[in-house]
Amino acid sequence: MEKTRVQVLTLVLLGLLKGGWSFQVTLSKDPVEVGDDVVFEVRSPDKPETGSWQFRNEQVVFWIGAKLVVGLKYNDRVDVNYETGSLKLMSVKLSDSGDYFVHLQKAGEPPFSLTGNATLHIIDSVTKVTVNSPSPYPILNNTFSLTCNVSGNADSRSWLKDGQPLSAGDRITFSKDNSAVSFNPVLMSDNGTYQCIANSYFRNGTSTGYSLVVNYGPEQVSITGPDASRIGSTAVFTCSARSQPVCEYTWFINGKLVAKGSPYKIHPVNSSNDGSYTCTAWNSLTERNSSAVKMHHVLDSASSWSRHAVAMVIGTLVSAAVLV
């Protein structure tokens, strides 16, 4: 349906009787956007004395001379040009789409009447476009999808990622009408800002950006801190992991829960702090955890500290010799 198309109905009466006449009905525009006005223009060589317009077997207007009767559904929405019989329909709705019939009468010898019809098309343009997801959040290597929601009538939809057209591929697929895009699976490379463009006959609409951040981890959990500490000193241990969002950390010494969070600070160090330190990282969105282990020795005197330091040096030298 071309935008420049105008529905034209020509009704011609070539009467054999004296006084025969013809008139033409033209839509001022077709299709019409919801909320706009449209005129059913009647061009006749004579002024009709009475007339009526009907839509779906309901009276829109009826008039005799200058006395006008308007249908209940059309109060404050119609106007009639008595000179020609033209009808103006204002603030059109989707429900106004369809066939309109006009009946005009003119006195003569004998009297006669003419009828005709014109079809009106109403289009509800795009007014709002939003992007959301039926899934609460994307998780690495899981399936994830985005949905384009449109208020109004969209003839087509397309997608952008970071301002560039998004194309389908082995992992990325679109629904038949492009109203949804699926990632199977979703990867870190899918991070970005996504928008949906909805196109309609009269206007287009673009959604605000949807920021897709893939959740993953924890991965590569590690503990940093001293290998040994003297009794009475201070020891600080830090746990870290690659994760989105940030992990929660729990500390265990020799299998016993001792603290939550990172860093973990011990002051003053005592003999019970000797042993195996385990940090468990927990991602509440992916519902996954991973751990790292570190040995920590507690030394009770300066001599013990010296012996431990010597042992560490010897161990390092032995390792180096083995490598050579």
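Regarding the overall build of the chain
For the chain, the helix and strand inventory stands at one helix and 29 strands. In the chain, which comprises 324 residues, the share counted as buried stands at 38%. In the chain, the share of contacts with a sequence separation of at least 24, taken over all contacts with a separation of at least 6, comes to 56%. About 17,800 Å² of surface is accessible on the chain, with carbon and sulfur atoms providing 52% of the total.

What to know about the nonpolar core
A general trend in soluble globular proteins is that nonpolar side chains are found buried together. Residues Phe40, Trp53, Leu89 and Leu120 are the most contacted members of the largest nonpolar core, which totals 23 residues. If sequence neighbours within four positions are ignored, Leu120 has contacts with Leu27, Lys29, Asp30, Val32, Val38, Phe40, Leu89, Asp96, Ser97, Gly98 and Tyr100. Within the second largest apolar cluster, 21 residues are counted, among which are Val126, Phe144, Val150 and Phe183.

Focus: the pattern of salt bridges
This model, assessed by the stated rule, comprises eight salt bridges. A salt bridge links Glu58 to Lys73, with the shortest nitrogen-to-oxygen separation between them at 3.2 Å. Pair noted here: Glu58 is in strand β6 (residues 58-64) and Lys73 is in the loop between β7 (67-70) and β8 (78-81), with a separation of 15 residues, a long-range link. Overall, the relative accessible area of 33% leaves Glu58 in the partly exposed class. Taking relative accessible area as the criterion, Lys73 reaches 56% and is therefore assigned exposed.

A few points about the environment of Asn153
Here Asn153 is to be found in the loop between β14 (144-151) and β15 (156-161). Spatially, the C-alpha atoms of Asn153 and Ser125 are 5.3 Å apart, while their sequence positions differ by 28 residues. Ignoring any residue separated from it by four or fewer positions in sequence, one finds Asn153 in contact with Ile123, Asp124, Ser125, Val126 and Ser200.

Focus on the state of the cysteines
Per the counting criterion, the structure on display carries two disulfides. Shown here is the disulfide that connects Cys239 with Cys279, its sulfur atoms set 2.0 Å apart. Between Cys239 and Cys279, the disulfide has an S-S torsion of -100° and is therefore left-handed. Taken together, the residues span a long stretch of sequence, with Cys239 in strand β24 (residues 235-244) and Cys279 in strand β28 (residues 275-283) at a distance of 40 residues.

As for the packing of aromatic side chains
Per the stated rule, a full pass over the model turns up eight aromatic pairs. Seen from their ring centres, Tyr201 and Phe202 are 5.0 Å apart, and the 75° between their planes marks the pair as edge-to-face. You can call Phe202 partly exposed: its relative accessible area is 23%. Taking the centre distance of 6.5 Å and the plane angle of 55° together, the rings of Phe237 and Trp251 count as tilted. Of this pair, Phe237 sits in strand β24 while Trp251 is found in strand β25 (residues 248-253), placing the two residues 14 residues apart along the sequence. In this pair, the class of Phe237 matches that of Trp251, namely buried.

Some details on the pairing of β6
Direction of pairing for strand β5 (residues 50-55) relative to β6: antiparallel, over a ladder of six bridges. Residue pairing for β6: Phe55 is matched across the bridge by Glu58. In textbook terms, the turn of a hairpin is the stretch between consecutive antiparallel strands, and for β5 and β6 this stretch comprises two residues, one of which, Arg56, has a positive phi near 55°. Pairing analysis gives four bridges linking β6 to β7, with the strands arranged antiparallel.

Things to note about the sheet that holds strand β17 (residues 172-174)
Read from one edge of the open sheet, four strands run β13-β14-β18-β17, paired in antiparallel fashion. The sheet is open, and its two edges are formed by β13 (128-132) and β17, each paired on a single side. If you compare each strand with its neighbour and ignore which way they point, the axes differ by 15° on average. Bridge count between β13 and β14: five bridges; the pairing is antiparallel. Bridge pairing in β14 links Thr130 to Asn149.

With respect to a nonpolar patch on the surface
On the surface, Phe62, Ile64 and Val69 cluster together to form a nonpolar patch covering roughly 260 Å² of accessible area. You can see Ile64 is positioned in strand β6.

About the thresholds
- Residues numbered from 1 in each chain as written.
- Predicted model: local features only at pLDDT ≥ 70, side-chain atom pairs only at ≥ 80, totals over all residues.
- Heavy atoms only, no water.
- Helix = DSSP H or I, 4+ residues; strand = E, 2+ residues; numbered from the N terminus.
- Buried < 20%, exposed > 50% of the residue type's maximum accessible area, 1.4 Å probe, protein only.
- Contact = heavy atoms within 4.5 Å.
- Areas by Shrake-Rupley, 256 points an atom, 1.4 Å probe, with all protein chains shown as cover.
- Core = buried A, V, L, I, M, F, W, Y, C linked by side-chain atoms within 4.5 Å.
- Salt bridge = Lys/Arg side-chain N within 4 Å of Asp/Glu carboxyl O.
- Disulfide = S-S within 2.5 Å.
- Phe/Tyr/Trp six-rings, centres within 6.5 Å; stacked < 30°, edge-to-face > 60°.
- Pairing = 2+ DSSP bridges.
- Axes fitted to C-alpha atoms, helices over the stretch in contact; angles between N-to-C directions.
- Patch = residues over 30% accessible without salt bridge, like charges linked within 9 Å, V, L, I, M, F, W, Y side chains within 5 Å.

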